Amino acid sequence: MSYPTELLYTKDHEWVRVEGEVGTVGITDYAQKELGDIVFVELPRPGDAVTAGESFGTLESVKAVSDVFAPVTGTVEAVNAKLQDQPEMVNADPHGQGWLMRVRLANRAETEKLMLADTYETYLQEAKAP
Amino acid sequence: MKNRIRTARPHVNRNEALIFERSTPGKRGVDLPPLDVPPASPREALGDSYREAIEGFPEVSELEVVRHFTRLSTWNYGVDTGLYPLGSCTMKYNPRVNEAVARLEGLASDHPYAPEPLAQGCLEVLHETARCLAEISGMDAVSLQPAAGAQGELTGILMMRACLAERGNPRQYILIPDSAHGTNPASVTISGYQIRNLKSNERGCIDLAELSRAMTGEVAGLMLTNPNTLGIFETQMREISDLVHARGGLVYMDGANMNALIGVARPADFGADLMHLNLHKTFTTPHGGGGPGSGPVAVKTFLEPYLPSPTIEKLSDGSFRLNHDRPKSVGRVRAFYGNFGMAVRALAYILANGAEGLRQTTEDAVLNANYVLARLRDVYDVPYDQPCLHECVLSDRRQAARGVRTGDIAKRLIDYGFHPYTTSFPLIVHGAMMIEPTESASQDELDEFIEALRSIAEEIEEDPGFVLKAPHTTRVARLDEVGAARKPILRWKP
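Computed from a predicted model, the values in this text were never measured in an experiment.

Conventions we followed
- Residue numbers restart at each chain and count upward from 1, following the sequence in its written direction.
- Here every chain gets a letter starting at A, and every ligand a number starting at 1, in the order they are written.
- In keeping with the model being predicted, local features are shown solely for residues with a pLDDT of at least 70 and side-chain atom pairs are shown and tallied solely at 80 or more, while totals for entire chains, interfaces and linings include all residues.
- Here a strand is any run of E in DSSP of at least two residues, a helix any run of H or I of at least four, and the numbering for each starts at the N terminus.
- Restricting the calculation to C-alpha atoms gives the radius of gyration, and the globule rule supplies 2.2 Å times the number of residues raised to the power 0.38.
- To sort residues by exposure, count the other C-beta atoms lying within 10 Å of each residue's C-beta; 20 or more gives buried, 12 or fewer gives exposed, and values between give partly exposed, all with C-beta atoms placed from the backbone.
- Our contact criterion uses C-beta atoms placed from the backbone: two residues qualify when those atoms are within 7 Å.
- Of all possible arcs, the one meant is that of the directions from the helix axis to the C-beta atoms.
- For this classification, Asp, Glu, Lys and Arg are treated as charged, while Ala, Val, Leu, Ile, Met, Phe, Trp, Tyr, Cys and Pro are nonpolar and the rest, including Gly, are polar.
- Paired strands, in this sense, are two strands between which DSSP finds at least two bridges.
- We call a crossover right-handed when, viewed with the strands running away from us, the connection from the first strand over the helix to the second turns clockwise.
- With axes taken as lines fitted to C-alpha atoms, and helix axes fitted only over the stretch in contact, angles between N-to-C directions fall between 0 and 180 degrees.
- By the definition adopted for this analysis, an angle is roughly parallel if under 35 degrees, roughly antiparallel if over 145, roughly perpendicular if from 65 to 115, and oblique otherwise.
- The handedness criterion is simple: a crossing whose near helix is rotated anticlockwise from the far helix by less than a right angle is left-handed, and one whose near helix is rotated clockwise is right-handed.
- Helix span, expected: 1.5 Å multiplied by one less than the number of residues in the helix.

Caption draft 1: Representation of the overall build of chain B. Of the regular secondary structure elements, chain B holds 15 helices and 12 strands. The C-alpha radius of gyration computed for chain B amounts to 26 Å, which stays within 12% of the reference 23 Å derived for 494 residues, consistent with globular compactness. C-alpha extents for chain B along the principal axes are approximately 75 × 70 × 45 Å. Across the 494 residues in chain B, those meeting the buried criterion constitute 41%. Counting only contacts in chain B whose residues sit at least 6 apart along the sequence, the fraction spanning at least 24 positions is 72%.

Written out as structure tokens, the structure reads:
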């Protein structure tokens, strides 16, 4: 799977799609592969505050429970309620239907620190090298 | 390919129906004699609690019940059945003499509400067990109350908080290495602290520079396991604890891996302020199943006032009493004085071995783990390559190239008659295979285990698909773990 160029990426393998003042957040294809089959998704509630670099929820796979970190600071506008019944969407379509939450951005300038798709792919190559 | 299995124990391959499925309408386990008193109305006597019948209640004979549960009992795999190399769990032999001692009339039949003058023997056993654990850990005071390791951790962190609060500021964070046991962050969170992760260095140990950056005035202390979950000894323990102490923090040691240290090194000597011990790991009390567990906490003198209440004291006339007058205590953490029977067994083990015997168990445990590491390193990847202590961590890196992961190898190991090792932990090792043979394993048994893992590595080279479908010789084939987690069926229905 290739990494969509319209997304911005974190070192912790989350992505954000910024449209106006709202960012849609999910995990990358690399992250879903590493986690394995996702069996449970725990997300914040709309209205909750999230902070860039801090955990906003957990993804549970058969292997482990892992924190997911917010790429941006802001207020949660919506979460992907379908994941309650279909957590496998995170595995099947991590950059699309498997999105986790939408955040009203508190500070757009933050997104400048995030990686573009090609930088993220280079980062993955470096991380994989022994 | 199946002829490869040389060491497997015979499985009784038939699956067992549920007792509900064996039911025959009208069948009775016992025939009651005719009633020789006037009949009473159960509905009148029991009111709303009365039921005519229980829907789906199995109707079976006594012998069917006996056979059903006896057959199920033979499915158990335990330390008494074979090697149980589950890393970080210290699944060692539970000596039968412990059971004999715990069943002595005076110990087994005493009542927890017996008045102190009549419970002097039991109090002395507890006092003596605590004294031995203090000597082994180098600490000054011990409470045997916590019922298991994680409760010991919780008790310990609450004591840290109480101590720092009295000094003026309980602080906000606790540092935990990224190799830590999963219970550590849980205990910290339940105690009201927040976690800050410490990234390990390339040796898998604590990075002093990283620790120095993280150990600020907001940090209550460091919670670490030594040897760590890679089975590697933190050689800079002195520097680590000096740094934490200099910044006003405390050092908590998770005693899960004490099987690598008993009789050789004492946590108090290398700077730990408090710790818990797992009697069901290190001190041969039953581990699960026949448990319960026991997770005593051991502390230095300055933390003694915060120990759970009551404590056991020896008076000048040689008698013992429970002291409930402990204003600074974090309170009671367990009914009565913890799981008394476990203290009896642990004391029996400690006294039977003595100092030299305990030291030898440690040396044998370390030797066994290094033997496994040395004999598997040419077929499995060693992510942190250095001598280990009581457990070793390999990885599935070479096998993953053929699509076979640590969990698949573990399942194939079941076909060879062994309990799997710990898979996918510690988290800092990709595809971890964590093996802790303990001192209980003989060289013959270790050789069988090693040959099994070597044989599986060959199978993966020849036919990875075969290993991916393991286990092949068990009653049920590979379970759908993902399906079970996503769509669990929690209740049997006809």
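Picking up where we left off.
Caption draft 2: Fine view of the overall build of chain A. When helices and strands are counted, chain A shows 3 helices and 9 strands. In chain A, the order of α-helices and β-strands from amino to carboxyl end is β-β-β-α-β-β-β-β-β-α-β-α. Computed over the C-alpha atoms, the radius of gyration of chain A is 14 Å, within 12% of the 14 Å expected from 2.2 N^0.38 for a compact globule of 130 residues. Seen through its principal axes, chain A has C-alpha atoms that stretch 40 × 35 × 20 Å. Per-residue burial for chain A yields a buried fraction of 37% across its 130 residues. Once local pairs closer than 6 in sequence are excluded, the contacts in chain A between residues at least 24 apart make up 62%.

Caption draft 3: Quick peek at helix α9 (residues 237-246) of chain B. All names here are of chain B. Along α9, the residues that are buried comprise Met237, Ile240, Ser241 and Val244. Within α9, the buried residues cover an arc of 90° as seen down the axis, which keeps them to one side. Opposite its buried face, α9 presents the exposed residues Arg238 and Ala246, each directed more than 90 degrees away. In this structure, the buried residues of α9 make contact with α8 (208-214), β4 (219-225) and β5 (250-254). In the stretch just after α9, Gly248 is the one whose phi turns positive, near 85°.

Caption draft 4: Focus on the interface of chain B and chain A. Listed by partner, the interface residues are 6 residues for chain B and 7 residues for chain A. In terms of residue class, the side of chain B that touches chain A is made up of 3 nonpolar, 1 polar and 2 charged.

Caption draft 5: Representation of the pairing of β5 of chain B in the model. Residue and element names in this part refer to chain B. In terms of burial, β5 is largely enclosed, as 5 of its 5 residues are buried. The two faces of β5 match: Leu250, Tyr252 and Asp254 on one face and Val251 and Met253 on the other face are all buried. Across 5 bridges, the pairing between β4 and β5 is parallel. In the strand pairing of β5, Thr225 is matched with Asp254. Where the polypeptide runs from β4 across α9 and back to β5, its parallel neighbour, the crossover connection is right-handed. Examined bridge by bridge, β5 and strand β6 (residues 274-276) share 3 bridges and lie parallel to one another. Residue pairing across strands places Met253 opposite Met275, the latter belonging to β6.

Caption draft 6: A look at the packing of helix α5 (residues 120-137) of chain B against helix α10 (residues 340-376) of chain B. Residue and element names in this part refer to chain B. Where α5 contacts α10, the axes come no closer than 9 Å and their chain directions differ by 55°. It follows that α5 is oblique to α10 by the angle criterion. Along this stretch, α5 crosses α10, giving a crossing that reads as left-handed. Each of Cys122, Val125, Leu126, Glu128, Thr129 and Cys132 in α5 lies in contact with α10, whose residues at this interface are Phe340, Ala343, Val344, Ala346, Leu347 and Ile350.

Caption draft 7: A look at the sheet that holds strand β1 (residues 8-9) of chain A. Residue and element names in this part refer to chain A. Strand order in the open sheet made by the 6 strands is β1-β2-β3-β9-β8-β5, with antiparallel pairing throughout. In the strand order of this sheet, the two ends are held by β1 and β5 (49-50), each with one partner. Here 2 bridges tie β5 to strand β8 (residues 74-79), and the two strands are oriented antiparallel to one another. When the sheet's bridge partners are listed, Val50 is paired in β8 with Gly74.

Caption draft 8: Focus on α5 of chain B. Residue and element names in this part refer to chain B. The terminal C-alpha atoms of α5, which comprises 18 residues, lie 26 Å apart, in line with the 26 Å expected from a rise of 1.5 Å per residue. Among all positions of α5, only Cys122, Leu123, Val125, Leu126, Thr129, Ala130, Leu133, Ile136 and Ser137 are buried. Taken end-on, α5 shows its buried residues confined to a sector of 155°, consistent with a single buried face. After α5 finishes, the residue Gly138 shows a positive phi value of roughly 80°.

Caption draft 9: Local environment of the pairing of strand β12 (residues 432-435) of chain B. All names here are of chain B. Every second residue of β12 is oriented toward a common face, with Ala432 and Met434 on one face and Met433 and Ile435 on the other, all of them buried. Examined bridge by bridge, strand β10 (residues 392-395) and β12 share 4 bridges and lie antiparallel to one another. Paired with Leu394 across the strands is Met433, a residue of β12. As paired elements, strand β11 (residues 422-423) and β12 share 2 bridges and run antiparallel to each other. Residue pairing in the sheet places Thr422 in a bridge with Met434 of β12.

Caption draft 10: Region of the structure containing the sheet that holds strand β6 (residues 55-61) of chain A. Residues and elements named next belong to chain A. With antiparallel pairing, the 3 strands of this open sheet are ordered in space as β4-β6-β7. The strands lining the two open edges of the sheet, one partner per strand, are β4 (38-42) and β7 (65-69). Along the sheet, successive strands turn relative to each other by an average axial angle of 25°, direction set aside. Sheet topology places β4 next to β6; 4 bridges connect them, and they run antiparallel. Opposite Ile38, over in β6, you have Ser61 as the bridge partner.

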